[in-house]
Amino acid sequence: MLCTVLIVVAVVRWGRAVLQYLWDSRNINAAFIARDTFYEPLVNWFNQTGQSRPRIRDLLDLAPSFGWLGLALLVVVFVRNFFPTIRTSSRGILIEWGNGWLPVGWEQVSGLRVTEDLSGERFVLLLQTNNKALTSWHRFYSLLYRFSLRRGVLITSGISDFLPLVRMLTSELEQVARQTKQPVVKLDEKASSPLFQLLLSPAGFFSRRSKSDKDYVEYATQAGLTAQPGRVASIMATYPKRISTLLVGGTAIMAVLGLLRVLDMLRQWIGLSFGLGGIFSSAPLPFDQSVWWLPVAAVLLLVVLIPMLVVVRNILPDIESRQEGLMVRYFNRWLLVRWEEIIAVKTASLSEDNHVVLIQTTNQSLKLMHHLSSLLFDGSNARGVLLTSALSVYDPLVQQIVLEVSRRQRPNEQDEGILTEDAPAWLLRLMFKPSEAIDRMVSNILRREDSDKIKFETMIALGRPMLWLAAIPTLMLLVERHINGVHYPTVGSIINVLIFAGFCLLEYPIAAAVARFSERNMDGDAHLARPFYLYPTAQLPRIVVMLGALLLLVLNVPLLPILLWIGAAIWSFLLTSGLWEGLYGWSGGKLLGIGAIPAIIQVIALMMWASMS
């Protein structure tokens, strides 16, 4: 179904570009010809009548359309055969490819690699062969798995009889090894895939130590001996290569894409402003766009993109403990946080082996982006540093931090304590364990004596996530119109932005008020102010999704920002339904109807965004 939709969308977009080329190159007014006919709406849609669009008068202008069509067809080929049907026999295996089958003899299998999730319940298996089996296209699956160029095929634990299939594979390969006197092909658990580790268990990817971390035992033993008050030995804590590669490599790729966009904007500006040809040659802009705004849009792109890249690159820094305090890595620099400047150590356990720690400080040498660490952890505003249990010496490091900070506590801090165990960390808990998090939220609010009265100060404090959820779509509107669309601000556009932001802000009072009055009118128990206090917190995970959509929009990636926005709307429905079920015990049509209100508001906001941009 997904492949069919992708092909239809790609072919329709390609066909529209071809028709626009035929009409524009021959100076045909298609809208005038189709006027007052039954197919006028269809022609207007293909011609984008009433919208500003660049004219397609040269075949080279069709190159992007052909490129996207080719890419879509290539993606369909791989997605359609991503997890094929497998048949086995005593001679080998048959692997589905397209509408046929590819035979692979047991002696042609050259490797078995497996990736598991944190709980050990879901697996992805890569079966690799020599160059005489499968096709050259199958090198893509090995490349996707772990940057290998061998031919391979992916098998997941979702396939029927997965464990018997794995046992048969290992048994047959051992038998072939005995007959041919060749080394046996064994199941390699260490050759796991970073990509599938992330997809199978995002929490485990960022908070689980690497099995191949050979230095961990040595570091941990040494650090454990020195984790005593007054004796601080240097402990260097680093993240596994899979995490550092993802953060550094992802930042580099996005930086290159952003730089290419900026250079392209400047190229268009130079070509159109000074009439230069060659590489500066560019098609004229639509009538409602201004050439002089191109360099301004390029600068604005950098203003939005650079802070986001800085956060992605430094969100999980390496840490080193020293006699004077903690050294926090920031790009290639090290920032010192003295022990006496640490004001809180907050821990949250997502599972037995999954831990996240926030170290908050009054240190002013940390950057503004370090405020985001506290915001993501518990919504606070102090400068902070996030640590996860994926650090090579996580346990000794945290132990040493707590000992040294406690030893230096001021008298007025002794009663409160510096360590907060099992901190709420609502965003992380709602992302990875939503049911448990919602039950805990409801339990906490029911114990609060003041939760039955609406206090505007409390609502404003707890409602900060909704400000983010209104600000991000508003920023997306500004990016799409004034950076991607190269439209300079006007009074009308400013009014549109204010209207759009106001509509996004209405989600909070509408969703909470409908739930409150529905409960009072239908079941006789209002729970008073509790929906207003719980709803903003329950929507925290949407911030991460919408930030991802914003980043992709800044890079001008087509379609994906809209898909992420739709995904955030669906997630809001699931989170809201779970919240009302936990708070009120609703079920059935009532739960679905009232739980869908945030998603409906999000869809309307998306439609407004599309029309205004």
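Structure first, text after, so check above.
Read on for a plain summary of the structure. Owing to the predicted nature of the structure, the values given are computational and were not obtained by experimental measurement.

1. Focus: the nonpolar core
Most often, soluble globular proteins keep nonpolar side chains buried together rather than apart.
Then, in step 1: Judged by nonpolar contacts, the single largest core of 116 residues is most densely connected at Phe-377, Leu-387, Ile-401, Met-476, Phe-500 and Trp-580.
Then, in step 2: Leaving out residues up to four positions away in the same chain, Met-476 has contacts with Met-546, Ala-549, Leu-550, Leu-553, Trp-565 and Trp-609.
Then, in step 3: If you look at the next biggest cluster of nonpolar residues, it comprises 33 residues, including Trp-97, Leu-126, Leu-165 and Leu-173.

2. Some details on the packing of aromatic side chains
Then, in step 1: Taken as a whole and assessed by the stated rule, the structure comprises 16 aromatic pairs.
Then, in step 2: Their ring planes at 35° and their centres at 6.0 Å tell us that Tyr-145 and Phe-196 sit as a pair that is tilted. With Tyr-145 in helix α5 (residues 139-146) and Phe-196 in helix α7 (residues 194-200), this pair connects stretches of sequence that are 51 residues apart. Summarising the burial analysis for this pair, Tyr-145 and Phe-196 share the class buried.
Then, in step 3: Ring geometry for Trp-292 against Tyr-488: centres 5.6 Å apart, planes inclined by 35°, an arrangement best described as tilted. Linking Trp-292 in the loop between α10 (241-274) and α11 (293-314) with Tyr-488 in the loop between α17 (464-484) and α18 (491-505), this pair joins segments that are 196 residues apart in sequence.
Then, in step 4: Among the aromatic side chains, those forming a connected cluster through ring pairs are Tyr-508, Phe-532, Tyr-535, Trp-580, Tyr-584 and Trp-586.

3. Notes on the pattern of salt bridges
Then, in step 1: Per the counting criterion, the structure on display carries six salt bridges.
Then, in step 2: A salt bridge links Asp-318 to Arg-329; the nearest nitrogen and oxygen atoms lie 3.7 Å apart. Placement of Asp-318 in the loop between α11 and β9 (319-321) and of Arg-329 in strand β10 (residues 325-330) is noted, with a sequence separation of eleven residues between them.
Then, in step 3: Overall, Asp-318 belongs to the buried group, its relative accessible area being 16%.
Then, in step 4: Taking the shortest distance from any N to any O, the salt bridge between Asp-422 and Arg-429 comes out at 2.9 Å.
Then, in step 5: What makes Asp-422 partly exposed here is its relative accessible area of 42%.
Then, in step 6: The exposure class assigned to Arg-429 is buried, which follows from its relative accessible area of 10%.
Then, in step 7: Each of Asp-422, Arg-429 and Arg-440 takes part in salt bridges that share partners, so that together they form one network.

4. A short note on the pairing of strand β2 (residues 92-97)
Then, in step 1: Counting buried positions along β2 yields five of six residues, so the element is predominantly enclosed.
Then, in step 2: Inspection of the sheet shows strand β1 (residues 86-88) paired to β2 by three bridges, in the antiparallel sense. Note that in β2 the partner of Ile-86 across the bridge is Ile-95.
Then, in step 3: Two successive antiparallel strands, β1 and β2, enclose a turn made up of three residues.
Then, in step 4: One ladder, built from six bridges, connects β2 with strand β3 (residues 100-105); its direction is antiparallel. Considered in β3, the bridge of Ile-95 is made with Leu-102.

5. A look at the pairing of strand β12 (residues 342-351)
Then, in step 1: The element β12 is largely enclosed, with a buried count of seven among its ten residues.
Then, in step 2: Alignment of β12 against strand β13 (residues 354-361), held across eight bridges, turns out to be antiparallel. Counted as the bridge partner of Ala-344 is Gln-360 from β13.
Then, in step 3: Between β12 and β13, which follow one another and run antiparallel, lie two residues.
Then, in step 4: As defined by bridge partners, β12 adjoins strand β15 (residues 419-420) across two bridges and the pair is classed as parallel.

6. A word on a nonpolar patch on the surface
Then, in step 1: A surface patch of nonpolar side chains, about 610 Å² in accessible area, is lined by Leu-6, Trp-68, Leu-71, Leu-74, Val-75, Val-79 and Trp-137.
Then, in step 2: Considering each element in turn, the nonpolar patch owes the most residues, five residues, to helix α4 (residues 63-80).
Then, in step 3: With respect to the secondary-structure elements, Val-79 resides in helix α4.
Then, in step 4: Of the residues examined, Val-79 reaches a relative accessible area of 38% and is grouped as partly exposed.

7. Some details on the sheet that holds β15
Then, in step 1: Overall, mixed pairing links the four strands, which are arranged β14-β13-β12-β15 in an open sheet. Here the strands that pair on one side only, and so sit at the sheet edges, are β14 (383-388) and β15.
Then, in step 2: Along the sheet, helix α13 (residues 394-407) contacts β12, β13, β14 and β15; its crossing angle with β13, the most-contacted strand, is approximately 35°.

8. Considerations on unusual backbone geometry
Then, in step 1: For Phe-147, which is not glycine, the phi torsion reads 55° and is therefore positive.
Then, in step 2: Along the chain, Phe-147 turns up in the loop between α5 and β6 (151-156).
Then, in step 3: Residue Phe-147 is classed as exposed on the basis of its relative accessible area of 71%.
Then, in step 4: Here Phe-331, not a glycine, exhibits a phi torsion of approximately 55°, which is positive.
Then, in step 5: Within the secondary structure, Phe-331 is located in the loop between β10 and β11 (333-338).
Then, in step 6: Look at Phe-331 and you get partly exposed, because its relative accessible area is 33%.

9. Details of the side chain of Arg-261
Then, in step 1: Relative to the helices and strands, Arg-261 is located in helix α10.
Then, in step 2: The charged side chain of Arg-261 is buried without a salt bridge, its nearest counter-charge being Asp-264 at 6.6 Å.
Then, in step 3: For Arg-261, the contacting residues outside a window of four places in its chain are Leu-301, Ile-483, Asn-484, Leu-553, Val-554, Leu-555 and Asn-556.

10. Notes on the sheet that holds β10
Then, in step 1: If you walk across this open sheet you meet the four strands as β8-β9-β10-β11, and the pairing is antiparallel. This sheet does not close on itself; its edge strands, each paired only once, are β8 (235-237) and β11. Shown here is a sheet whose adjacent strand axes are inclined to one another by a mean of 20°, direction ignored.
Then, in step 2: Sheet topology places β8 next to β9; three bridges connect them, and they run antiparallel. When the bridges of β9 are listed, Ala-237 appears paired with Ile-319.
Then, in step 3: Contacts between α13 and the sheet are confined to β8, β9 and β10, with β9 contributing the most and set at about 50° to the helix.

Quick notes on the rules
In every chain, residue numbers begin from 1 and rise along the written sequence. Side-chain atom pairs in this predicted model are given and counted only at pLDDT of 80 or more, local residue features only at pLDDT of at least 70, and totals for whole chains, interfaces and linings cover all residues. Excluded from the side-chain calculations are hydrogens and water; all other atoms, namely the structure's heavy atoms, are used. Joining through side-chain atoms within 4.5 Å is the link that ties buried Ala, Val, Leu, Ile, Met, Phe, Trp, Tyr and Cys residues into a set, and such a set is a nonpolar core. When a residue's accessible area, from a 1.4 Å probe over protein chains only, is under 20% of the maximum for its type it is buried; when over 50% it is exposed; and in between it is partly exposed. Here a residue-residue contact requires only that any non-hydrogen atoms of the pair lie within 4.5 Å. Note on ring pairs: Phe, Tyr and Trp rings are taken, using the six-membered ring of Trp, and paired if centres are within 6.5 Å. Classes follow the plane angle, with under 30 degrees stacked, over 60 edge-to-face and the rest tilted. Put simply, DSSP H or I for four residues or longer makes a helix, DSSP E for two residues or longer makes a strand, and each gets a number counted from the N terminus. Throughout this description, the term salt bridge denotes a Lys or Arg side-chain nitrogen within 4 Å of a carboxyl oxygen of Asp or Glu. A pair of strands is labelled paired if DSSP reports no fewer than 2 bridges between them. Within this analysis, patches are made of residues with over 30% relative accessible area and no salt bridge. Like charges are joined at 9 Å or less; nonpolar side chains (Val, Leu, Ile, Met, Phe, Trp, Tyr) at 5 Å or less. Each accessible area value is a Shrake-Rupley result obtained with a 1.4 Å probe; residue values ignore everything except the protein chains displayed when judging cover. All axes here are fitted lines through C-alpha atoms, helices being fitted over the stretch that makes contact, and every angle between N-to-C directions spans 0 to 180 degrees. Counting rule for charge: Lys and Arg are taken as positive, Asp and Glu as negative, and neither His nor the chain ends is counted.

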